[in-house]
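Here is how the chains run, residue by residue.
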Amino acid sequence: MVISSSSSEWTWKKEDSGPIGSLVQSLLVSISEITASVACINIEQEIFLELGSYLYRTSPVLMELQTTENTPEDAIGILQSLSKNVDLAKNLVWKCQKSSHLISDPELRSIMEQLEEVIKLMGEELSLIPPSTFGDQEYAAITVRSISKEMQNACFQVCKTQITRPKAVQPRAALSLEEQPALTERDLYSIDFSTDNSQLPDIPLHMEDIPKTKSYRSQRNHENMRNGSLKNMPPVNQYLEPLYETFFCPLTKNIMEDPVTIESGVTYERKAITEWLEICSNSAQICCPVTGKKLQSKDLSTNIALKTTIEEWKERNEATRIKVARAALSLASSESMVLEALDDLQTICRRKPYNKVQIRNVGMLPLLVKLLEYKDRNVRCATLEVLRELAEDDDEAKEMVAKGMDISTIIKMLSSNDQPIKHASLLFLLELSRSQSLCEKIGSVTGGILMLVTIKYNWSSDVFALEKADEILKNLETSPNNIKRMAENGYLEPLLHHLIEGCEEMKMEMGSYLGEIALGHESKTYVAERASPAFVKMLHTGNTLTKKAAFKALEQFSSYHPNGKVLVEAGIVEIMVEEIFTQKIQDEAMNSRKEAAAILGNLLESGIEFENLQVNTHGHTMGSDYIVYSIIHMLKNSTPEDLNTNLLRILLCLARSPKSIAAIVSVVKETEASYTLIELINSPHEELGIASMKLLIPLSPYLGHTLVERLCKTRGLPESLIQSPSGTFQITEKQAVSANFLADLPHQNLTLNLALLSNDTVPIILQSIHQMQRSGARASRYASAYLEGLVGIIVRFTTTLYEPQMLFLARNYNFTSVLTELLTKTSSDKVQRLSAIGLKNLSSESANLSKPPEKKGTKFKKFLSFSKSLSIGSPKMKKIQVCPVHRGACSSQNTFCLVEAKAVERLLACLEHENAEVVEAALSAICTLLDEKVDVDKSVSLLSGVDCIQHVLNVAKEHSEEGLREKSLWMIERFLMKGGDTSASCISQDRLLPATLVSAFHHGDGTTKQMAEKILRHLNKMPKVTTNF
């Protein structure tokens, strides 16, 4: 069965229909039609309304039959009998409604008798329902029994009696006790179907003063209830014990809580008469407010008898009011009815703690939970207030309230734009959070803690919400899991508090949480600043679990490099070094060495100054030989792979220092650790292989040839370092590091070059370069580094062109064209620099490879002449092109000619690059066109045609690097010597060049100084030296 809200009524729906379901649905429809009709009948209105009340009160019983799991054996028979009686009642009501003015008195009496018999028979059928039908819902069985008994005693008499109002002398009293008819105990009450409530006596129900709430609607309804009666609820006056005039204070007109009697014999509310006496204290005479009698004494005597009577009256009537409220919430036929019932329940709760127990035990909680989804905001708000009242007593009450509801519904209300609902939901959650057993349930709701943290840090004008959210969060701290959730949602204070101030067990748990949760960068910095001292203390304890938790947390926080300085200042480095290198008894803390090495590696990678950082009491620093030797010793002794990876990271960071790199090289040579480092490349643990190659790259300038020897002797190397691109071409870090490692080993090492050639790696390299340029894979994280490594490997082949196999390789794959394309089709400075270096290496061989065309013999010439005369119409034979620079037949593929490859313009474009290394590499390649092996005159003429001298002059003026300045001045001198007047004029007209030359003359090295002097003399800026002096 599900409940849906339509307008202001609850609609009950059965998900599956069967014989019982069909009968129940038919009965409910008929009852609904009858109850709608009886309100429109003018004759014997009270009887027809009573009839409608009986039928309507039968509806919940029918619905229970439809949904119960303990269906009675004769349920269908009971329902069929009820259906016949309801159909008869329906026909009789319809007859009275249609022709009420034509019905005679005898006929009317007959109809009433039949209706009375229908109700009695229905009561008998209801009595046949066994109590076991309702399972453990004892209240339901009692309710059915009560309704059945009342219906069997029904009596419809055709006698219209008007209900008169009480006498004016006693406006609050109903009939005297002798005049009151015997009332039958009822659990469900009839509904007042009429809109005229003039017949309800104006009996004010007892209402305690309710403190101000956040719901203005609740305040309004409360006032309505104080000023009138529960006019929208089922008629209460029939079931409440009458009020007596003596119950009311003459001053407040409300039922007294603490009645006291004064000298005149009149009884008042203590507070009210005390205030009266204070007001009159300045008067000459103090009189009784009711009698006017002069008072000689202000003494107040507690009226114990009256107070006891009022208390007993309240207790008797509150049980009835609870039942009435339950009936009203079950029907929920209008918003006003629900609101009045909720307000009355709230008042009853505040009256006496035991009343809350009664309300919880009569099945009220499921009704209240359903109302949390009511469409009206005021109803939802009032429901939250009642639920909070019911949960106030103790943990058992809180658990009972929370058991039957979904806490996520309350969490959703926290985001409501309606402030009263938001406040009410916060107050309810606050009450529930006072139960330690419910804290975990509240915190586990998705988004619950996030919402509370958001409210706490939302510095708006809603201070109330902020304070309550803060109180709830403090209560939730009793659950360690909640502390973790708070930290994950940006509220770190509880976790840090328990980490710093808590017991050892709590510190261990909080430290473990910090190692597990993912925090933002700002949070990591904040935690590192606050928690570093606590971590140090935890590391110094003897508890292995506590230390492990601290290591785990520090590993995370040290990974954020801005935290490096904070952690170093806290003394973390010294502790990590001790943990890594101090020998442990029985391998006690070997499992912490990995974390310690990872933390130390993170700190060194953060860029801290480590050379003079003291790491132990023996005076050793982080950059000392002791550290280097200890690490390499551990690497050679087969430590765990994770630990080895972190040790290599530490060495790599130390290699940034000239002093430390020298120590590393020395120890590697001494211990022959190069074998170990090369073997680690083949480790199945990929990160270890990568770390090893990263360290070998900075070592290659010092140990390059040794490393090549070890590499080529290791099984599977070097060919396994270059792999064919996959279908998806996902570039990995290992691919990028491997390529750069091979590229950085000594370029002129023929052994490695031949090893790479023999394993057919060049096609794989060129295929990868082509695929990267075509598919745009450079967006990958490691694509740029991978491309740089691949180009570096190509360049290394150009350094050994004296080897025929290398020469064939360069020609076969047209290296000149490949490198020329890379000059401008890449955004990587390193790729451009390497391409220019490769072109320079290739161009240096062009003069040797370019040979003049062979001269043909005389006979051949005559034959050729004779052939021409015979073939007058034949096309001219193609002449062999001679390169003006290299004085022979040239091509980009076979002789690596830069002119034929159209590389000169691209190299000149590189001279405008901001990176001086790229400029120097490009300038070196152009210089090969002006060396002694080529026709310098023709070369100068060719370069002048592309405005080369102007580019070179710009380089000389803009760059002060020694190598660049030397090459640019060398080229300027060449143009002055071989370029004629045009070049000399262009150079001499540059007004900034003399200053550059003077600077080079004063500050350059010997070669640069000599070239600057020659140019200055050529430009007549210095006197020429003659042999006369």
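Sequence order as written defines the numbering, with residues in each chain counted from 1. Since the coordinates come from a predicted model, pLDDT governs what is reported: local features require at least 70, and pairs of side-chain atoms require 80 or more to be given and counted, while whole-chain, interface and lining totals use all residues. Based on all heavy atoms of the structure, the side-chain values leave hydrogens and waters out of the count.

**Student:** An account of the overall build of the protein chain is needed here, citing residue identities and associated values.
**Tutor:** Strands here are runs of E lasting at least two residues and helices are runs of H or I lasting at least four, both read from the DSSP assignment and numbered beginning at the N terminus. If you tally the helices and strands in the protein chain, you get 48 helices and five strands. Here's how the labels work: a residue is buried when its accessible area is under 20% of the maximum for its type, exposed when over 50%, partly exposed in between, all with a 1.4 Å probe on protein chains only. Within the protein chain, the fraction of its 1029 residues that count as buried is 51%. Summed over all atoms, the accessible surface of the protein chain reaches about 49,800 Å², with 50% contributed by carbon and sulfur. Where accessible areas are quoted, they stem from the Shrake-Rupley method and a 1.4 Å probe; at the residue level, only the protein chains shown are allowed to cover.

**Student:** Account for the sheet that holds strand E4 (residues 267–269), naming residues and giving values.
**Tutor:** In short, DSSP must find at least two bridges between two strands for them to pair. Spatial ordering of the open sheet is given by E4-E3-E5, a layout of three strands whose pairing is antiparallel. Of all the strands in the sheet, the pair left with one neighbour each is E4 and strand E5 (301–302). Of the pairings in the sheet, the one linking strand E3 (residues 259–261) to E5 comprises two bridges and is antiparallel in character. By the bridge assignment for E5, Val-260 is matched with Thr-302. Lying on the sheet, helix H7 (residues 270–279) is in contact with E3, E4 and E5; it crosses E4 at an angle near 95 degrees. In what follows, a contact means two residues having at least one pair of non-hydrogen atoms within 4.5 Å. Throughout, an axis means a line fitted to C-alpha atoms (over the contacting stretch in the case of helices), and angles, computed between N-to-C directions, take values from 0 to 180 degrees.

**Student:** Go over the nonpolar core, please, and point to the residues and values.
**Tutor:** Counting residues in each nonpolar core, the largest one holds 177 residues, and the members touching the most others are Leu-514, Phe-535, Met-622, Ile-650 and Ile-972. Broken down by element, this core gets its largest block of residues, eleven residues, from helix H31 (residues 686–713). The criterion is simple. A nonpolar core is a set of buried Ala, Val, Leu, Ile, Met, Phe, Trp, Tyr and Cys residues joined through side-chain atoms within 4.5 Å. Counting residues in each nonpolar core, the second largest holds 60 residues, with Tyr-374, Ala-402, Met-413 and Ile-472 among its members.

**Student:** Provide a residue-level description of the packing of helix H22 (residues 521–539) against helix H23 (residues 544–558), including the pertinent values.
**Tutor:** At a closest axis distance of 10 Å, the pairing of H22 and H23 adopts a crossing angle of 155 degrees. One element, H22, and the other, H23, form an angle in the roughly antiparallel class. Relative to H23, the crossing made by H22 is left-handed. Within the contact between the two elements, H22 uses Lys-524, Val-527, Phe-535, Met-538 and Leu-539 and H23 uses Thr-546, Lys-547, Ala-549, Ala-550, Phe-551, Ala-553, Leu-554, Gln-556 and Phe-557. Each angle is binned into one of four classes, with values under 35 degrees roughly parallel, values over 145 roughly antiparallel, values of 65 to 115 roughly perpendicular, and all other values oblique. Crossings are sorted by hand: turned counterclockwise from the far helix by less than a right angle, the near helix makes the crossing left-handed, and turned clockwise it makes it right-handed.

**Student:** How would you explain the packing of aromatic side chains if you had to name every residue and give the values?
**Tutor:** Two rings belonging to Phe, Tyr or Trp (six-membered ring only in the last case) form a pair when the distance between their centres is within 6.5 Å. Interplanar angles under 30 degrees mark stacking, angles over 60 mark edge-to-face geometry, and anything in between is tilted. Applying the stated criterion to the full structure yields five aromatic pairs. When the NZ atom of lysine or the CZ atom of arginine is within 6 Å of a ring's centre and also within 35 degrees of its normal, the charge is said to sit over that ring. Positioned above the aromatic ring of Tyr-457, the side-chain terminus of Lys-456 is 5.6 Å from the ring centre. Across from the ring centre of Phe-1001, 5.3 Å away, lies the NZ or CZ of Lys-1009, which sits over that ring.

**Student:** Tell me about the environment of Leu-368, and name the residues and values.
**Tutor:** Relative to the helices and strands, Leu-368 resides in helix H11 (residues 364–371). Judged by its relative accessible area of 0%, Leu-368 is buried. Spatially, the C-alpha atoms of Leu-368 and Arg-326 are 9.5 Å apart, while their sequence positions differ by 42 residues.

**Student:** Quick rundown of the pattern of salt bridges? Include the residues and the values.
**Tutor:** Salt-bridge detection follows one rule: a side-chain nitrogen of Lys or Arg within 4 Å of a carboxyl oxygen of Asp or Glu. If you walk through the whole model with that rule in mind, you get 35 salt bridges. Where Lys-307 meets Asp-258, a salt bridge forms, and the shortest distance between an N and an O atom there is 3.8 Å. One end of the pair, Lys-307, is in helix H8 (residues 304–331); the other, Asp-258, is in the loop between helix H6 (216–227) and E3, with 49 residues separating them in the sequence. In the salt-bridge network here, residues are joined through shared partners; they are Asp-258, Arg-270 and Lys-307.

**Student:** So, the environment of Thr-676: which residues are in play, and what are the values?
**Tutor:** Mapped onto the fold, Thr-676 is located in helix H30 (residues 674–681). Considered as a pair, Thr-676 and Lys-636 are 40 residues apart in the sequence and their alpha carbons are 6.4 Å apart. Not counting the four nearest positions on each side in its chain, Thr-676 is found in contact with Leu-635 and Lys-636.

**Student:** Provide a residue-level description of the side chain of Lys-398, including the pertinent values.
**Tutor:** Mapping Lys-398 onto the fold places it in helix H13 (residues 395–403). Residue classification places Lys-398 among the buried positions, given a relative accessible area of 4%.

**Student:** Explain the environment of Phe-156 to me, and be specific about the residues and the numbers.
**Tutor:** Looking at the secondary structure, you find Phe-156 in the loop between helix H5 (138–152) and H6. In this structure Phe-156 comes out as buried when scored by relative accessible area, which is 5%. Separated by 39 residues in sequence, Phe-156 and Glu-117 have C-alpha atoms that sit 9.4 Å apart. Sequence-distant contacts of Phe-156, defined by excluding residues within four places in its chain, comprise Ile-47, Glu-50, Leu-51, Tyr-54, Met-112, Leu-115, Glu-116 and Ile-119.

**Student:** Outline the packing of helix H42 (residues 916–927) against helix H45 (residues 962–978), supporting the account with residue identities and numerical values.
**Tutor:** Contact geometry for H42 and H45: axes closest at 10 Å, N-to-C directions at 30 degrees. One element, H42, and the other, H45, form an angle in the roughly parallel class. Between H42 and H45 lies a crossing whose hand is left-handed. Here Ala-916, Val-919, Glu-920, Leu-923, Ser-924, Ile-926 and Cys-927 of H42 lie close against H45, whose contacting residues are Gly-963, Leu-964, Lys-967, Ser-968, Trp-970 and Met-971.

**Student:** Go over helix H46 (residues 980–988), please, and point to the residues and values.
**Tutor:** For H46, the set of buried residues is Ser-983, Ala-984 and Ile-987. Looking down the long axis of H46, one finds its buried residues gathered within 100 degrees of arc, a one-sided arrangement. Among the exposed residues of H46, those pointing more than 90 degrees away from its buried face are Asp-981 and Thr-982. In this structure, the buried residues of H46 make contact with helix H43 (936–944), helix H44 (948–958), H45 and helix H47 (993–1003). Note that the arc is computed from the directions linking the helix axis to the C-beta atoms.

**Student:** Give me helix H35 (residues 783–797): which residues, what numbers.
**Tutor:** Expected helix span is given by 1.5 Å per residue-to-residue step, counting one fewer step than there are residues. The terminal C-alpha atoms of H35 lie 22 Å apart, and with 15 residues this matches the ideal 21 Å at 1.5 Å per residue to within 8%. The buried fraction of H35 amounts to 13 of the 15 residues, a majority that puts the element mostly inside the structure.

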